[in-house]
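Letter by letter, the chains look like this.
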Amino acid sequence: LEWYDHSGSAASYRAYLSRFPESNSAAIILANATPIDASGTALSVAELFLNKYFKEEETAEENQVAIEKREKSYAYIQLTPVQLRQDCGKYLEPEESYDRQIKIIDVTLIYYRRESSQTKLLPVAKNEFKMLGDKSDVSVFFETNERGDSTMRLNINNDRIVNFFKYDTRGQTNEVTGNFFSTELNSTLAGSSVKNNIYLKASKRDRLKLERVKSDLFKSSGRVFSKVEFVRNAKGAVTHLLVSNGGALKVRFTKR
């Protein structure tokens, strides 16, 4: 079904909302205990009421036959290990701030999400690969944009594009140290540089190491500062930073 959802949690509180526009219905869970699976519970409840709206899907066997037929129609080419290696590395999707890694395993290019989710990429052109085993028709393009950045573009079923750009960890880091203040949150972040590594620290939290993605864009594994962009003035000096995560977009902290 078509559906939209949002979750939230802090301390022992759990909340989840799922909206199903086709049936003009929603499932909501509000809880105050950590072990409660709010999203799983809400969707289980929704299943009880929305059965008549479910759409028929092809069986697993029918899906597999269709995938194999499509993949046999591709005209694969041979690329050298050197050609394959130039596309390897880490790539970031900037809108939702998740990354993917491209690596070589047994002379085959691999689209790596995590250890339990890896997909082979086979070349059909010098910079175009087909993703194998996916029920969608996915083409992967490795390109360079007008600014010279290395990018990865996914074309899914010829109707959806997902863009990534390759990590570039080079650059000076001592310019982004100091205190940054948010008038909106009445809160200060402390930026520091130690051995060419950048850290951010908020009150009552351990400092968090930032990983450079490119230029003045950083990310981290922490949920609070999952994406951090340092902004400069016309003279090149850092004036403020923008913090984003799963629940907030570009919250501004001005350098003091």
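Basis of the calculations
- Residues numbered from 1 in each chain as written.
- Predicted model: local features only at pLDDT ≥ 70, side-chain atom pairs only at ≥ 80, totals over all residues.
- Heavy atoms only, no water.
- Helix = DSSP H or I, 4+ residues; strand = E, 2+ residues; numbered from the N terminus.
- Buried < 20%, exposed > 50% of the residue type's maximum accessible area, 1.4 Å probe, protein only.
- Contact = heavy atoms within 4.5 Å.
- Lys, Arg positive; Asp, Glu negative; His and termini not counted.
- Charge placed at Lys NZ, Arg CZ, Asp CG, Glu CD.
- Expected span 1.5 Å × (residues − 1).
- Arc of directions from axis to C-beta.
- Polar contact = N/O pair within 3.5 Å; in protein donor to acceptor, adjacent residues only side chain to side chain.
- Pairing = 2+ DSSP bridges.
- Axes fitted to C-alpha atoms, helices over the stretch in contact; angles between N-to-C directions.
- Salt bridge = Lys/Arg side-chain N within 4 Å of Asp/Glu carboxyl O.
- Phe/Tyr/Trp six-rings, centres within 6.5 Å; stacked < 30°, edge-to-face > 60°.

### Overview of the overall build of the protein
Across its full length, the protein holds three helices and 19 strands. If one aligns the C-alpha atoms of the protein with their principal axes, the spans along those axes are about 60 × 55 × 30 Å. Classification of the 256 residues of the protein by burial places 34% in the buried group. Within the protein, contacts between residues at least 6 apart in sequence are counted, and of these 32% link residues at least 24 apart. Charge separation in the protein, taken as the distance between the mean sites of 39 positive and 33 negative side-chain charges, equals 9 Å.

### Structural notes on helix α1 (residues 38-49)
Taking 1.5 Å of rise per residue, the twelve residues of α1 would be expected to cover 16 Å, and the 17 Å separating its terminal C-alpha atoms lies within 8% of that figure. Residues of α1 that are buried: Ala-38, Ala-42 and Ala-46. Viewed along the axis of α1, the buried residues span an arc of 65°, placing them on a single side of the element. Seen from the open side of α1, the exposed residues pointing more than 90 degrees away from its buried face are Glu-47 and Leu-48.

### Overview of the side chain of Ser-220
Topologically, Ser-220 is positioned in the loop between β16 (217-219) and β17 (227-232). With a relative accessible area of 9%, Ser-220 lands in the buried category. Polar side-chain contacts of Ser-220 include one of 2.7 Å to the backbone oxygen of Phe-225. Contact partners of Ser-220, with chain neighbours within four places excluded, come to Leu-208, Lys-209, Leu-210, Phe-225 and Ser-226.

### Thoughts on the sheet that holds strand β1 (residues 4-10)
Each strand in a sheet pairs with another by means of backbone hydrogen bonds, the pair being arranged parallel or else antiparallel. Spatially, β1-β2-β3 is the arrangement adopted by the three strands of the open sheet, whose pairing is antiparallel. Every interior strand has two partners, whereas the edge strands, β1 and β3 (25-31), have only one. Here the average twist between neighbouring strands, direction ignored, is 5°. Relative to strand β2 (residues 13-20), β1 runs antiparallel, the two sharing seven bridges. Bridged to Ser-9 within β2 is Arg-14. Across the sheet, α1 lies against β2 and β3, angled at about 35° from β2, the strand it touches most.

### Description of the pattern of salt bridges
Taken as a whole and judged by the stated rule, the model has eight salt bridges. A salt bridge links Arg-147 to Glu-146, with the nearest nitrogen and oxygen atoms 3.6 Å apart. Across the pair, Glu-146 and Arg-147 agree in class, each one exposed. Its salt-bridge partner being Arg-232, residue Asp-216 comes within 2.5 Å of it at the nearest N-O pair.

### Some remarks on unusual backbone geometry
Non-glycine residue Val-107 carries a positive phi angle of around 55°. Residue Val-107 is classed as exposed on the basis of its relative accessible area, which comes to 69%. We note that Lys-204 has phi near 65°; this positive angle belongs to a residue other than glycine. If you trace the backbone, Lys-204 turns up in the loop between β14 (197-202) and β15 (208-214).

### Examining the packing of aromatic side chains
Taken as a whole, this structure holds seven aromatic pairs when the rule is applied. Plain terms: the ring middles of Phe-180 and Phe-230 are 6.0 Å apart, the flat faces sit at 65° to each other, and that makes the pair edge-to-face. You can see Phe-180 sitting in strand β12 (residues 178-182) and its partner Phe-230 sitting in strand β17, a full 50 residues away along the chain. In terms of burial, Phe-180 and Phe-230 fall into one category: buried.

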